[in-house]
2 protein chains.
Amino acid sequence: MSKKAPIDTRGNIIDTAIPLFAGNGYSGVSVRTIAKLVGISAAALYHHFPDKQSLYLAAMEQAFADKAQAIIKTLTGPENAWGRLDAFLADFIQLMGEDADFRALLQRELLDGDDARLQLLAEQVFREPFEAVSVLMHEINPDIDSHLMAISIAGLVLFHFDSAPIRRFLPGGEQTHDQTDVVFEHIQSLLHQALSRD
Amino acid sequence: MSKKAPIDTRGNIIDTAIPLFAGNGYSGVSVRTIAKLVGISAAALYHHFPDKQSLYLAAMEQAFADKAQAIIKTLTGPENAWGRLDAFLADFIQLMGEDADFRALLQRELLDGDDARLQLLAEQVFREPFEAVSVLMHEINPDIDSHLMAISIAGLVLFHFDSAPIRRFLPGGEQTHDQTDVVFEHIQSLLHQALSRD
DNA sequence: GTCTATAGCCTGATAGAC
DNA sequence: GTCTATCAGGCTATAGAC
């Protein structure tokens, strides 16, 4: 594809920055720290990005890239509504469970993101799958507010992973409780009950 | 109660620090900024707290104080199980909806808290109500894993508020969708369906 | 494209007067 | 209990050599 597969310093910087920003937040990571981990000086980093904000934005875009597409496929598959719900749930839970950086960056954006960044995030990542989930919810049970239900599903999945650090100190908190298959089975049966039309 | 109701500088510092830490995170707030807002110098602040970490911890304890007790009352009330679930939901949603600082500090602790702080938070705030919810879940439907269900309820409630910043940019996002009564009605009917024994 | 050196500012924290 | 002055070091970002 590209001309000669040169050593991609810019890409290295972004890949190094993603877990750092995810773990420590924007103001918790210095340009020096990122540069040192990449193996270059801070001044060299400024050759690839005009400022820290731009680097952060590039790291975000990289971390969020292609997440939407993977989900949408299963949401618009050939199966019936319940089958698509299960397939979506499995994929969504799998994706969230394996990418802690994505979850952390999302939570940090919800806490600290300005309107411009949040709008970008909404339109380039969440809008399409969110709308597809809403449509699916309406198809399964039109009596339920599909927007509220889509939010509920996201909250359910995310919190089973995001709560892991504190669950260790709560009664009955077992290690299995944030394994993707355990979370899937729980949320699946919860939603099947909740969405079934009497 | 206390001796003479003196001007409580220490309390002022904490009350000033809470919304700042909630909004900007630990490393996003400087001691100088807090001091300036209180109306004293940074050096004066260090007369009341040995270091920034201690101030942060004191602010956390203040922000989380008494939250647990308010919830536990409704969980152990005289009503039947479904009545207690509804009462708990109403109180929990009300409490989370009105205290954005609490939610932000909790999310930030889940992201950045070390083991010691998380353990403190778990034991002094969440353990009791969490256990009470678990017991209630088991009473309502013993076929469901009560620990997973308690986590699910927390995730449901929290995310309906925490997602507000990005919901504005998603289709069908109306302002009413994070009003406490709308959230309550949605989660209540969702849980009634999900927990009912066939 | 990377380096060293550095400007200019902000940081947490302290010393000592009042 | 609060102040001014200050320290030592970290921060983002730039200048200029190679």
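Shown above is the structure to which this text applies.
Nothing here was measured: the structure is a model prediction, and the numbers come from that model.

A. Spotlight on the side chain of Thr-74 of chain A. Residues and elements named next belong to chain A. On the secondary structure map, Thr-74 appears in helix α5 (residues 67–75). Judged by its relative accessible area of 17%, Thr-74 falls in the buried class. A polar atom in the side chain of Thr-74 sits 2.9 Å from the backbone oxygen of Ile-71. Those residues in contact with Thr-74, other than ones at most four positions away along the chain, are Arg-84, Ala-87, Phe-88 and Asp-91.

B. A look at the packing of helix α11 (residues 180–195) of chain A against helix α11 (residues 180–195) of chain B. Across the interface, α11 of chain A lies against α11 of chain B with an axial gap of 7 Å and an inter-helix angle of 105°. One finds that α11 of chain A runs roughly perpendicular with respect to α11 of chain B. Taking contact as the criterion, the partners of Leu-190, Gln-193 and Ala-194 of chain A in α11 of chain A are, on α11 of chain B, Leu-190, Gln-193 and Ala-194 of chain B. When its residues are assigned to classes, the contact of α11 of chain A with α11 of chain B shows four nonpolar, two polar and no charged.

C. Inspection of the packing of aromatic side chains at higher detail. Under the definition given, this model contains 12 aromatic pairs over all chains. Where Phe-21 of chain B meets Tyr-56 of chain B, the ring centres are 4.9 Å apart and the plane angle is 90°; that geometry is what we call edge-to-face. In this pair, Phe-21 of chain B is assigned in helix α1 (residues 9–24) and Tyr-56 of chain B in helix α4 (residues 52–64), connecting sequence segments 35 residues apart. Per residue, the accessibility class of Phe-21 of chain B equals that of Tyr-56 of chain B, and both read buried. Counting every residue linked through ring pairs, the aromatic cluster contains Phe-21, Tyr-26 and Tyr-56 of chain A. The ring of Tyr-26 of chain A carries the charged tip of Lys-52 of chain A above its face, separated from the ring centre by 4.3 Å.

D. Just the pattern of salt bridges, in detail. Summed over all chains, the structure comprises 12 salt bridges over all chains. In this structure, Glu-109 of chain A and Arg-117 of chain A form a salt bridge, with 2.9 Å as the shortest nitrogen-oxygen distance. Here Glu-109 of chain A and Arg-117 of chain A have matching classes, each one buried. Arg-103 of chain B is the partner of Asp-162 of chain B in a salt bridge, and the nearest nitrogen-oxygen pair spans 3.0 Å. Placement of Asp-162 of chain B in helix α9 (residues 146–162) and of Arg-103 of chain B in helix α7 (residues 100–112) is noted, with a sequence separation of 59 residues between them. When sorted by exposure, Asp-162 of chain B lands in the same class as Arg-103 of chain B, which is buried.

E. Molecular detail of helix α9 (residues 146–162) of chain A. Residues and elements named next belong to chain A. The terminal C-alpha atoms of α9 lie 24 Å apart, and with 17 residues this matches the ideal 24 Å at 1.5 Å per residue to within 8%. Counted residue by residue, α9 has 17 buried out of 17 residues, so it is predominantly covered. Between the side-chain oxygen of the N-cap and the backbone nitrogen of His-147 there are 3.0 Å, and the N-cap of α9 in question is Asp-145.

F. Seen up close, the protein's contact with DNA strand C. Lining the immediate environment of DNA strand C, one finds 16 residues, of which Ser-41 and His-48 of chain A together with Arg-32, Tyr-46 and Lys-52 of chain B sit closest. Each atom of DNA strand C within 4 Å of the protein was classed as base or backbone; sugar and phosphate made up 51%. Contact distances for DNA strand C include 2.9 Å between a base nitrogen and a side-chain N or O atom of Arg-32 of chain B. Mapped by element, the contributors of at least two residues to the surface near DNA strand C are α3 (42–48) of chain A together with α2 (31–38) and α3 (42–48) of chain B. With four residues, the single largest contributor to the surface near DNA strand C is α3 of chain A. Residues that form the surface near DNA strand C fall into these classes: seven nonpolar, six polar and three charged.

About the cut-offs
Every chain is numbered on its own, with residues counted from 1 as its sequence reads. Naming scheme: in the order in which they are written, chains are lettered from A and ligands are numbered from 1. Whole-chain, interface and lining totals are the exception, using all residues; otherwise, since this is a predicted model, local features are given only for residues with pLDDT of at least 70 and side-chain atom pairs are given and counted only at 80 or more. Water and hydrogen atoms play no part in the side-chain values, which are based on all heavy atoms of the structure. For helices the rule is a DSSP run of H or I covering at least 4 residues; for strands it is a run of E covering at least 2, with both sets numbered from the N terminus onward. A simple rule labels every residue: compare its accessible area, found with a 1.4 Å probe on the protein chains alone, to the largest value its type can have, and call it buried under 20%, exposed over 50%, or partly exposed in between. Definition of a polar contact: a pair of N or O atoms within 3.5 Å, with one able to donate and the other able to accept a hydrogen when the atoms are protein atoms, and with sequence-neighbouring residues admitted only if both atoms are side-chain atoms. Here, two residues are considered to be in contact whenever any of their heavy atoms come within 4.5 Å of each other. The axes are straight lines fitted to the C-alpha atoms, using for helices just the contacting stretch, and the angles between their N-to-C directions are given from 0 to 180°. Angle categories are assigned with fixed cut-offs, so that under 35 degrees is roughly parallel, over 145 is roughly antiparallel, 65 to 115 is roughly perpendicular, and the rest are oblique. Three classes are used, and their members are as follows: Ala, Val, Leu, Ile, Met, Phe, Trp, Tyr, Cys and Pro are nonpolar, Asp, Glu, Lys and Arg are charged, and the others, Gly among them, are polar. Two rings from Phe, Tyr or Trp (for Trp, the six-membered ring) form a pair when their centres sit within 6.5 Å of each other. Planes less than 30 degrees apart are called stacked, planes more than 60 degrees apart edge-to-face, and all others tilted. Note on geometry: a ring has a charge over it if NZ (lysine) or CZ (arginine) is within 6 Å of the ring centre and within 35 degrees of the ring normal. Put simply, a salt bridge is a Lys or Arg side-chain nitrogen that is within 4 Å of an Asp or Glu carboxyl oxygen. Multiplying 1.5 Å by the helix residue count minus one yields the expected span of that helix. To be near a molecule or strand, a residue needs just one of its heavy atoms within 4 Å of it.

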